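Understanding the architecture of this molecule
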Amino acid sequence: MTTDRDKEATAELAERAAERHVVVVGGGIGGLVAAREFAKVGIRVTLLESAEMLGGAIRRADLAGLTVDAGAESYATRGGHVRDLIAELGLTDRIVTPNPAGAWLAGVPGVNPAPLPKGGILGIPANPFAEDVRRIIGWSGAWRAYVDRLRPPLTIGKEHSLGKLVESRMGAKVRDRLVTPVTAGVYSAHPNDVDVEVAAPGLNEALTRTGSLSGAVAQLVADRADRAKSAPGSAVEALAGGMSTLVDALAADLVDLGGVIRTGAAVTALDRTGDGWVVSFTTADTDPDSDESESEPEPEPEPEPEPEPEIIAADAVIIATTESDARALLREQIDLGAAPEAPQIEIVSLLLDAPALDVFPRGTGVLTAPGSLVAKALTHATAKWFWLREAAGGRHIVRVSFGSQGELPATAELDEESAARLALRQASAMLGVALPSSALITAHRARFTQSQPSSLIGAGERRRAVRAAVEQIDALAVVGAWVAGTGLAQVIPDAKLEADRLRRALIWV
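First, a word on scope: everything that follows refers to the structure included in this document. Numbers given to residues run from 1 along each chain, matching the order in which its sequence is written. Local features in this predicted model are restricted to residues of pLDDT 70 or higher, and side-chain atom pairs are both shown and tallied only at a pLDDT of 80 or more, whereas totals for entire chains, interfaces and linings draw on every residue. Water and hydrogen atoms were dropped before computing side-chain values, which therefore reflect all heavy atoms in the structure.

Okay, helix α2 (residues 29–39) next. Where burial is concerned, most of α2 is hidden: 11 out of the 11 residues are buried. The buried label goes to any residue with under 20% of its type's maximum accessible area, the exposed label to any with over 50%, and the partly exposed label to all in between, with areas taken from a 1.4 Å probe on protein chains only. Put simply, DSSP H or I for four residues or longer makes a helix, DSSP E for two residues or longer makes a strand, and each gets a number counted from the N terminus. Among the residues of α2, Ile 29, Gly 30, Gly 31, Leu 32, Val 33, Ala 34, Ala 35, Arg 36, Glu 37, Phe 38 and Ala 39 are the ones counted as buried. Taken together, the buried residues of α2 touch β1 (21–25), β2 (44–49), α3 (81–88), α10 (244–256), β16 (316–319) and α17 (488–507). Should any heavy atoms of two residues lie within 4.5 Å, those residues are counted as being in contact.

Structure below.
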């Protein structure tokens, strides 16, 4: 039963919330989720995004009138966090699952392209003699991998490097031909740099229990199968219409709750003032009423002075930018040092008129063995997502990915047309189908600075150190993939937790 005292306390909290103002810097999913958490309790929120479009790593492209994902195309279902948000926004009826056909592996020397083996973890096989495994590593690789069964078990925690663990237990062929293509495609990293316990939680412990790496993989696969029986469903899902529909829904809901969104607003400085902050930002100066078609040619104009920054006062600030931008904004407040190297990624999306792809010749996509092709992976999007196949009306969409940790994309120095031609040639090689230039209807190129993969050795310690340093400063939080870990399943709950931490500090004073 609600008492008069409870009503008075609730009214007091609501009044206090309405007096607070939070500025969120960055309009990716982390920033949008955090901003919405404040707006839900009546706190005034202003979100500033330097780009003209919201979404961050979730981007859309228009390919001859067809809207497609140009960045992140799906989300992991673990934890249920993304699904819960989708339900809150009324998008549950848009949830779709991928074609289970799976991807192929290409570029292994002396080995024909073949489907990626099933029943493993990160490419590590449970049975090295299985036909789909042996097709790729050969008899010699299979017998070397079998030696794993004869070696002493590994002490828990002794080996942190996934690549070194796999090579020592099962040999270089398993690491190079099976594991490396997967970690390069998923994490943009070599397996030697991947932390076992982050990428495959419980693997070291299972190895100690079972006495072999293949036995540990078999046990973890069986455990996953049991969990799937109790909670059936795909490990990955997406939204019909593209993941940008989630961005649109978040932005619309934020505005409905009273939040303010300003795009094209680049934050240049953060300054402390008493118990709050002053946020300085600049915006593009455009004149929508100008009509250049009727203007006479003019002499070369004098360089315009830098625009005067706008200023907003805030009781709290959430930084939701890329790592490099966040460190630059915070350098006057916290010494976080230089940002570690982050992968530079380019995704070239191709819309094709190619009937030869109707049979999905390489499943839902292709991973490549490093050093074989300049592209690291390809997604046959119209084979992977049936909603997109229907929308494409007989045309095909493939997404070709370039770049990895410590390796610039092969497209980095190319112009748009040259990048599209290179992507078309790589797609032809990976799919095993002739794709002449006449097959290309149009293309879109997206560039990313990917957050350093959370699976890299030492990444967890670096993230925890950053978060601890940020928490020492009142009314400040940092969200996003570089502190939460990559993927919506990690970014969304982290953004909610950080928003709640600041929200409590602002209201419960």
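Attention now moves to the sheet that holds strand β14 (residues 276–283). Paired strands, in this sense, are two strands between which DSSP finds at least two bridges. Taken together, the 3 strands give an open sheet; going across it, the order is β13-β14-β15, and neighbouring strands pair in antiparallel fashion. Each end of this open sheet is capped by a strand with a single partner; those strands are β13 (265–273) and β15 (310–314). Recorded for the sheet is a direction-independent mean angle of 25° between the axes of neighbouring strands. Where β14 lies against β15, 5 bridges are found, and the strand directions are antiparallel. Pairing of Trp 277 across the sheet is with Ala 314, part of β15. As a rule, the C-alpha atoms of each element are fitted with a line to give its axis, helices using only the stretch in contact, and angles between N-to-C directions run from 0 to 180 degrees.

The next subject is the nonpolar core. We define the nonpolar core as a collection of buried residues of types Ala, Val, Leu, Ile, Met, Phe, Trp, Tyr and Cys that are connected through side-chain atoms lying within 4.5 Å of one another. Ranked by size, the top nonpolar core spans 87 residues in total, and within it Leu 246 and Ile 319 carry the most contacts. The element contributing the most residues to this core is α17, with 8 residues. Excluding its chain neighbours within four sequence positions, the residues that come into contact with Ile 319 are Val 25, Leu 270, Ala 326, Leu 329, Leu 330, Leu 476, Ala 477, Val 478 and Val 479. The next biggest cluster of nonpolar side chains, apart from the first, holds 39 residues, and it includes Val 108, Ala 145, Leu 162 and Leu 220.

Further remarks concern the side chain of Arg 175. Topologically, Arg 175 is positioned in helix α6 (residues 172–187). Side chain to side chain, Arg 175 and Glu 167 meet in a polar contact 2.8 Å long. Among residues more than four places away in sequence, those in contact with Arg 175 are Gly 163, Val 166, Glu 167, Thr 180, Pro 191 and Asn 192. Between N or O atoms, a polar contact is any pair within 3.5 Å; within protein, one atom must be a potential hydrogen donor and the other a potential acceptor, and residues adjacent in sequence are included only when both atoms are from side chains.

Quick look at the packing of α3 against α17 now. At their nearest, the axes of α3 and α17 sit 8 Å apart, and the two run at 70° to each other. In terms of orientation, α3 and α17 fall into the roughly perpendicular class. Residues His 81, Val 82, Leu 85 and Glu 88 of α3 lie in contact with α17, whose contacting residues are Leu 488, Ala 489, Ile 492, Pro 493 and Lys 496. Angle categories are assigned with fixed cut-offs, so that under 35 degrees is roughly parallel, over 145 is roughly antiparallel, 65 to 115 is roughly perpendicular, and the rest are oblique.

A word on the packing of aromatic side chains. Each Phe, Tyr or Trp ring (for Trp, its six-membered ring) is paired with any other whose centre lies within 6.5 Å, and the angle between the two planes then decides the class: stacked below 30 degrees, edge-to-face above 60, tilted in between. On inspection of all chains with the given rule, the structure shows 4 aromatic pairs. Among the aromatic residues, ring-to-ring pairing joins Phe 129, Trp 139, Trp 143 and Tyr 146 into one connected group. Two thresholds decide whether a charge sits over a ring: the Lys NZ or Arg CZ must be within 6 Å of the ring centre and within 35 degrees of the ring normal. Lying over the aromatic face of Phe 448, Arg 59 brings its terminal NZ or CZ to 4.0 Å of the ring centre.

With that settled, the discussion passes to the environment of Val 217. Take Val 217: it is sitting in helix α9 (residues 213–230). Sequence-wise, Val 217 and Gly 31 are 186 residues apart; in three dimensions their C-alpha atoms are separated by 37 Å.

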